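Listed here are the chains, written in short residue letters.
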Amino acid sequence: MLINQFLLLGAFLFATGVYGVLARKNAVLVLMSIELILNAVNINLIAFSLNNGSDVNGMVFALFIIAVAAAEVGVGLAMVLLIYRNRRSIALSELDAMKG
Amino acid sequence: MVAQNIAFGIIAAAMAIGAIRVVTTNNVVHAALWLVVVLGGAAAQYVLLAAEFVAVTQVLIYVGAVIVLFLFGTMLTRARIGRADDLNNRQWPIALVVALALAGTLGYVLIDAFGKHELPKDPAVATTQQVSNSIFSTYLLPFWALSVVLTAALIGAIVLARRD
């Protein structure tokens, strides 16, 4: 296996996630796109881990990223819930209270 | 090696289709279900890359917990579950240009840097024991910090979502 096939898959997922973050209006969908980005990073980490002879450091980093992503999605969805309760909408384009 | 490449191709194609559907579908619940395809495919890729423990963790945490959270979030924030035509911003074409430029740049750089670089044929597979030894010795302090972060996130989520 080439290392590049995994790295290119990661790059594709990353770009797709960036598109989702920029293009989506629904806050839950933006959080899903962030998960795509984090998974792209994890695939890269594991690929380089194998490239360095199954180095455990890459796997530990990937596990930490998975844990941080779980925390992020918990807090993120709680915030989305709060926004929905206050404004009856989770469209990010309507959150313009701080717009200059 | 051929079998591995075929497996990679099939899983990668499924993941690519899933990722594109996540960011293009008009239905939030369908997006969550397509995300399952991507995350499960990532777990399969980890198995191909000889990282079983990470693969199992991926299935447990992402497919088991995060997707359920997303579905809960969808349920609690939308009165109507189904198609919706207002999920994209007006400036989505610009986002598409940015994403394509990013993919092109990353692809060019990766092909330029790694080209035909092969992964090791028969790597010494890192066992779960080695991974846990590393977590509980080299990475003990980050592990503790992560535990505090998780606790803070848990309490923070409860405080934020509480109704009072």
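Criteria and thresholds
Residues numbered from 1 in each chain as written. Chains lettered and ligands numbered in written order. Predicted model: local features only at pLDDT ≥ 70, side-chain atom pairs only at ≥ 80, totals over all residues. Helix = DSSP H or I, 4+ residues; strand = E, 2+ residues; numbered from the N terminus. Rg over C-alpha atoms; globule rule 2.2 N^0.38 Å. Buried ≥ 20, exposed ≤ 12 C-beta atoms within 10 Å, placed from the backbone. Contact = placed C-beta atoms within 7 Å. Nonpolar A, V, L, I, M, F, W, Y, C, P; charged D, E, K, R; others polar. Core = buried A, V, L, I, M, F, W, Y, C linked by C-beta atoms within 7 Å. Domains from an automatic or database assignment. Axes fitted to C-alpha atoms, helices over the stretch in contact; angles between N-to-C directions. Parallel < 35°, antiparallel > 145°, perpendicular 65-115°, else oblique. Expected span 1.5 Å × (residues − 1). Left-handed = near helix turned anticlockwise from the far one by under 90°.

Draft legend 1. Representation of the overall build of chain A in the model. Secondary structure assignment for chain A yields three helices and zero strands. For chain A, whose C-alpha radius of gyration is 17 Å, the value lies well above the compact-globule estimate of 13 Å for 100 residues. Dimensions of chain A along its principal axes, counting C-alpha atoms only, are 50 × 25 × 20 Å. A total of 100 residues make up chain A; the buried ones form 57% of that total. Of all intrachain contacts in chain A linking residues separated by at least 6 positions in sequence, the fraction that spans at least 24 positions is 48%.

Draft legend 2. Representation of the overall build of chain B. For chain B, the helix and strand inventory stands at six helices and zero strands. When the helices and strands of chain B are listed from N to C terminus, the series reads α-α-α-α-α-α. For 164 residues, the compact-globule estimate of 2.2 N^0.38 gives 15 Å, and chain B exceeds it by more than 25% at 20 Å. The principal-axis extents of the C-alpha atoms in chain B amount to approximately 55 × 40 × 25 Å.

Draft legend 3. Main features of the interface of chain B and chain A. Facing the 76 residues of chain B at the interface are 63 residues of chain A. Of all the elements in the fold, those that place two or more residues in the side of chain B that touches chain A are helix 1 (2–24), helix 2 (28–48), helix 3 (52–77), helix 4 (92–114), helix 5 (128–135) and helix 6 (140–161) of chain B. It is helix 3 of chain B that contributes the most residues to the side of chain B that touches chain A, 13 residues altogether. Looking at the side of chain B that touches chain A, its residues break down into 58 nonpolar, 15 polar and three charged.

Draft legend 4. Quick look at the environment of Val-37 of chain B. All names here are of chain B. Relative to the elements of secondary structure, Val-37 occurs in helix 2. Residues Val-37 and Val-22 lie 15 residues apart in sequence; the distance between their C-alpha atoms is 9.7 Å. Every residue in contact with Val-37, bar those within four places of it in the chain, is listed here: Ala-14, Met-15 and Gly-18.

Draft legend 5. Structural view of the nonpolar core. Grouped together as the largest cluster of nonpolar side chains are 73 residues, with contacts concentrated most on Met-32, Ile-46 and Met-59 of chain A. At the level of secondary structure, the elements contributing two or more residues to this core comprise helix 1 (3–23), helix 2 (27–51) and helix 3 (56–87) of chain A together with helix 1, helix 2, helix 3 and helix 6 of chain B. Each of two domains, domain 1 (2–126) and domain 2 (127–164) of chain B, supplies a minimum of three residues to this core.

Draft legend 6. Inspection of unusual backbone geometry at higher detail. Residue Ala-50 of chain B is not a glycine yet carries a positive backbone phi of 60°. Structurally, Ala-50 of chain B can be placed in the loop between helix 2 and helix 3.

Draft legend 7. Summary view of the packing of helix 2 of chain B against helix 3 of chain B. All names here are of chain B. Across the interface, helix 2 lies against helix 3 with an axial gap of 8 Å and an inter-helix angle of 175°. Taken together, the axes of helix 2 and helix 3 lie roughly antiparallel to each other. When helix 2 is examined against helix 3, the residues Val-28, Val-29, Ala-32, Leu-35, Val-36, Leu-39, Gly-40, Ala-42, Ala-43, Tyr-46 and Val-47 are found in contact with a partner set consisting of Glu-52, Val-54, Ala-55, Gln-58, Val-59, Tyr-62, Val-63, Ile-67, Phe-70, Leu-71 and Thr-74. For the contact of helix 2 with helix 3, a count of residues per class yields 18 nonpolar, three polar and one charged.

Draft legend 8. Up close: helix 1 of chain B. With 23 residues, helix 1 of chain B ought to run about 33 Å at 1.5 Å a step, and its terminal C-alpha atoms sit 33 Å apart, in line with that. All of the buried residues in helix 1 of chain B are Ile-11, Ala-12, Met-15, Gly-18, Ala-19, Val-22 and Val-23 of chain B. Along its buried surface, helix 1 of chain B packs onto helix 1 and helix 2 of chain A together with helix 2 of chain B.

Draft legend 9. Spotlight on the packing of helix 3 of chain A against helix 6 of chain B. For the pair helix 3 of chain A and helix 6 of chain B, interaxial distance at closest approach is 9 Å and the crossing angle is 15°. When the interaxial angle is binned, helix 3 of chain A and helix 6 of chain B end up roughly parallel. Both helix 3 of chain A and helix 6 of chain B take part in a crossing whose hand is left-handed. Between helix 3 of chain A, through Phe-64, Ala-67, Val-68, Ala-71, Gly-74, Val-75, Ala-78, Met-79, Leu-81 and Leu-82 of chain A, and helix 6 of chain B, the contact on the second element is made entirely by Pro-142, Leu-146, Val-149, Leu-150, Ala-153, Leu-154, Gly-156, Ala-157, Leu-160 and Ala-161 of chain B. Residues belonging to the contact of helix 3 of chain A with helix 6 of chain B are distributed by class as follows: 18 nonpolar, two polar and no charged.

Any functional reading would require information that these geometric values do not contain.
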